[in-house]
Amino acid sequence: MSFEALKRSRGNFDKLTKELESLNKTTTTQSSGKDERLWRPELDKSGNGFAVIRFLPAVQGEELPWARLWNHAFQGPGGWYIENSLTTMNKKDPVSEDNSRLWNTGLDSDKEIARKRKRKLTYYTNILVVSDPKNPENEGQVKLFKFGKKIFDKITEAMKPEFEDEKPINPFDFWEGANFKLKIRKVDGYWNYDKSEFDSPSTIRDNDEAIEELWNKQYPLKPFLAPENFKSYDELKAKLDKVLSGVRNTGTAEDVMDPPTSPTVSKPVVNETADTSVASEDEDDGDDTLDYFSKLAEED
């Protein structure tokens, strides 16, 4: 798609809304080292965070403005299991299969183990950093943004509002999109995005030349879904067997992170189908937990 074609297509985001519907029906992580392309918000001393970002459209040659990945992250007696899930590509994955087996036993103890090994949902997209009070040097830069289901729900709500008096917007549109005010609070020890919201629609830049310049700075997202970022089923099965070492007890990052400052609220039991790899495996945003988890694994 050329830049002119991109401009002509503004206001028509049927393809994106259809993709949202598809995701609702079915319900590349860098291995080590810091990826300088990635932007991450920071909290202040009070435990709150604020920034303003703008989601950007798909790059030339790609249809969607986001890449969607599933991964698993947990610890067993044999070490850490931190791997991209083959379910990202609609293939069978040994962890999801084992979770289904555990869930089907009907035992609460097995269901709890399956929950601890559940998939984490991650998205990658291009953004323009509009305001970053903690790191103002990022402002005006095009970055990659990694986020989870809670922020994606905000995007979905903007594109498919619940109430008749709310006008749908395409948050990824240069001309008719809107800035996203990212507001982070610590709730029960975890980052909470509930107060985040979209601003009124606005053009991202004053003229098309400046907009096209931004577009040309964006990063392709398809490489996150490249086959080389996923191990084969047999490789993952061997890794899983080594991590579990015949013992079922596993830990997650939630078990080893600093204890919350406020009383912990127990997660509700979710009515899941037998295949927990598909049903309700992403109850929360797992990106911050996964990052913390990966650091622990590297320290071992």
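Look above for the structure.
In this text, all values refer to a predicted model and were calculated from it rather than measured experimentally. (Residues numbered from 1 in each chain as written. Predicted model: local features only at pLDDT ≥ 70, side-chain atom pairs only at ≥ 80, totals over all residues. Heavy atoms only, no water.)

**What about helix α3 (residues 94–104)?**
Here is step 1: Burial within α3 is extensive, with eight of its 11 residues counted as buried.
Here is step 2: Regarding α3, the residues found buried are P94, V95, S96, D98, N99, S100, L102 and W103.
Here is step 3: Buried residues along α3 sit against β3 (66–76), β4 (79–84), α4 (108–116) and α7 (233–244).
Here is step 4: The opening residue of α3 is D93, an N-cap whose side-chain oxygen sits 3.0 Å from the backbone nitrogen of V95. (Buried < 20%, exposed > 50% of the residue type's maximum accessible area, 1.4 Å probe, protein only. Helix = DSSP H or I, 4+ residues; strand = E, 2+ residues; numbered from the N terminus. Contact = heavy atoms within 4.5 Å. Polar contact = N/O pair within 3.5 Å; in protein donor to acceptor, adjacent residues only side chain to side chain.)

**Things to note about the packing of α3 against α4**
Here is step 1: Where α3 meets α4, the axes come as close as 7 Å, and the angle between the chain directions of the two elements is 155°. It follows that α3 is roughly antiparallel to α4 by the angle criterion. Between α3 and α4 lies a crossing whose hand is left-handed. Facing α3, whose interface residues are N99, L102 and W103, α4 presents D110, K111, I113, A114 and R115. (Axes fitted to C-alpha atoms, helices over the stretch in contact; angles between N-to-C directions. Parallel < 35°, antiparallel > 145°, perpendicular 65-115°, else oblique. Left-handed = near helix turned anticlockwise from the far one by under 90°.)

**Some words on the packing of aromatic side chains**
Here is step 1: Under the criterion given, the structure shown has 15 aromatic pairs.
Here is step 2: Site record: aromatic cluster; members linked through ring pairs are W39, F55, W66, Y123, F145, F147, F152, F172, F180 and F198.
Here is step 3: Sitting over the ring of Y219, R37 keeps its end group 5.6 Å from the ring centre.
Here is step 4: The cationic tip of R119 hangs over the ring face of W70; the distance from NZ or CZ to the ring centre is 3.4 Å. (Phe/Tyr/Trp six-rings, centres within 6.5 Å; stacked < 30°, edge-to-face > 60°. Lys NZ or Arg CZ within 6 Å of the ring centre and 35° of its normal.)

**Considering α7**
Here is step 1: Taking 1.5 Å per residue, 12 residues should reach 16 Å; α7 reaches 16 Å between its end C-alpha atoms and fits that length.
Here is step 2: Where α7 is buried, its residues contact β3, β4 and α3. (Expected span 1.5 Å × (residues − 1).)

**Observations concerning the pairing of β4**
Here is step 1: Taking burial as the measure, the six residues of β4 include five buried ones, the bulk of the element.
Here is step 2: Across six bridges, the pairing between β3 and β4 is antiparallel. Bridge pairing links H72 to E83 in β4.
Here is step 3: Count of turn residues in the β3/β4 antiparallel hairpin: two residues. (Pairing = 2+ DSSP bridges.)

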